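Overview (structure and organization)
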Amino acid sequence: MSSIKLKHSGGNSVIIAAPSSNPASDRTLTLPSNANGTVLTTTNPKSGTIVQKKFFHAATNSYSTSQSYVETVVTGSITPESSSSKIIITACVPVWAVSGSYLHVQLRSSGGNTNNDIGTWGDAYATHGSSGAAYNSMYQWYHATHNTTSAITYKIFCKKQDSNGSYWYFPNNSNHSAKNIGWLLTLEEQA
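Let me sum up the structure you'll find in this document. The structure displayed is predicted, hence computed values, not measured ones.

Here we come to the overall build of the chain. A count of helical and extended segments in the chain gives zero helices and 12 strands. Here the chain holds 191 residues, and the buried ones make up 34% of them. Residue pairs at least 24 apart in sequence account for 77% of intrachain contacts in the chain once pairs closer than 6 positions are excluded. When the accessible area of the chain is evaluated, it comes to approximately 11,400 Å², of which 50% is carbon and sulfur surface.

Looking now at the nonpolar core. Formed by 20 residues in total, the largest nonpolar core has its most connected members in Ile89, Val93, Leu107, Trp141, Tyr154, Ile156 and Leu184. Taken together, the elements giving at least two residues each to this core come down to strand E5 (70-78), strand E6 (86-97), strand E7 (102-111), strand E8 (115-125), strand E9 (133-143) and strand E10 (152-160).

One pass over the structure, following the stated rule, counts two salt bridges. For Glu71, the salt bridge is made with Lys155, and the minimal N-O distance between the two is 3.5 Å. Of the two residues, Glu71 sits in strand E5 while Lys155 sits in strand E10, which places them 84 residues apart along the sequence. A residue is classified by how much of its surface remains accessible, and Glu71, at 40% relative accessible area, is partly exposed. Taking relative accessible area as the criterion, Lys155 reaches 23% and is therefore assigned partly exposed. For Glu189, the salt bridge goes to Lys86, with nearest N and O atoms at 3.5 Å. Residue Glu189 is located in strand E12 (residues 182-189), and its partner Lys86 is located in strand E6; the two are separated by 103 residues in the primary sequence.

For strand E1 (residues 3-7), a buried count of zero out of five residues is recorded, marking the element as mostly open to its surroundings. The pairing of E1 with strand E2 (residues 13-17) spans five bridges and is classified as antiparallel. Bridged to Lys5 within E2 is Ile15. Hairpin connection between E1 and E2: a loop of five residues separates the two successive antiparallel strands, and Gly11 in this loop has a positive phi of roughly 115 degrees.

Basis of the calculations
- Residues numbered from 1 in each chain as written.
- Predicted model: local features only at pLDDT ≥ 70, side-chain atom pairs only at ≥ 80, totals over all residues.
- Heavy atoms only, no water.
- Helix = DSSP H or I, 4+ residues; strand = E, 2+ residues; numbered from the N terminus.
- Buried < 20%, exposed > 50% of the residue type's maximum accessible area, 1.4 Å probe, protein only.
- Contact = heavy atoms within 4.5 Å.
- Areas by Shrake-Rupley, 256 points an atom, 1.4 Å probe, with all protein chains shown as cover.
- Core = buried A, V, L, I, M, F, W, Y, C linked by side-chain atoms within 4.5 Å.
- Salt bridge = Lys/Arg side-chain N within 4 Å of Asp/Glu carboxyl O.
- Pairing = 2+ DSSP bridges.

So, in structure tokens, the structure goes:
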């Protein structure tokens, strides 16, 4: 095994060494010709560093009277660089709950990791006798145990709590005209 030894004037050295086992073919390490840089070590990036982000948005109408979870139009995917990283999901969920309706929101994942309840919230309510209520709610989830480097798709689901009220609308108002944009931001944080 060959190596290159670069000695510092202070006496210590840096050694660039060939791999300990024979590679399947020749490998080339190319240095940039137009910029200076630093070789990353196995400790970079440091814990807590955001290594990638993905942003998705949707403004397509959907609505339902279902008391079971229904997939909404807000969805997004990320392919983790590390199976031990944490995925932080932030979603803006604009909904219109009709008079007497109480809406629940849930985050699910599929693909490299399947989880049918990463988090559930119920906080969109329109009082009886009202014309409905618009909500533009923000949610944040931490998916700390995905254990994959395959693409994970995150989706927002909604349902009515009970038979009270009629439709819930997503992401628009009660007449299907004024579309609000729902969005989902995924961040991968180094473990």
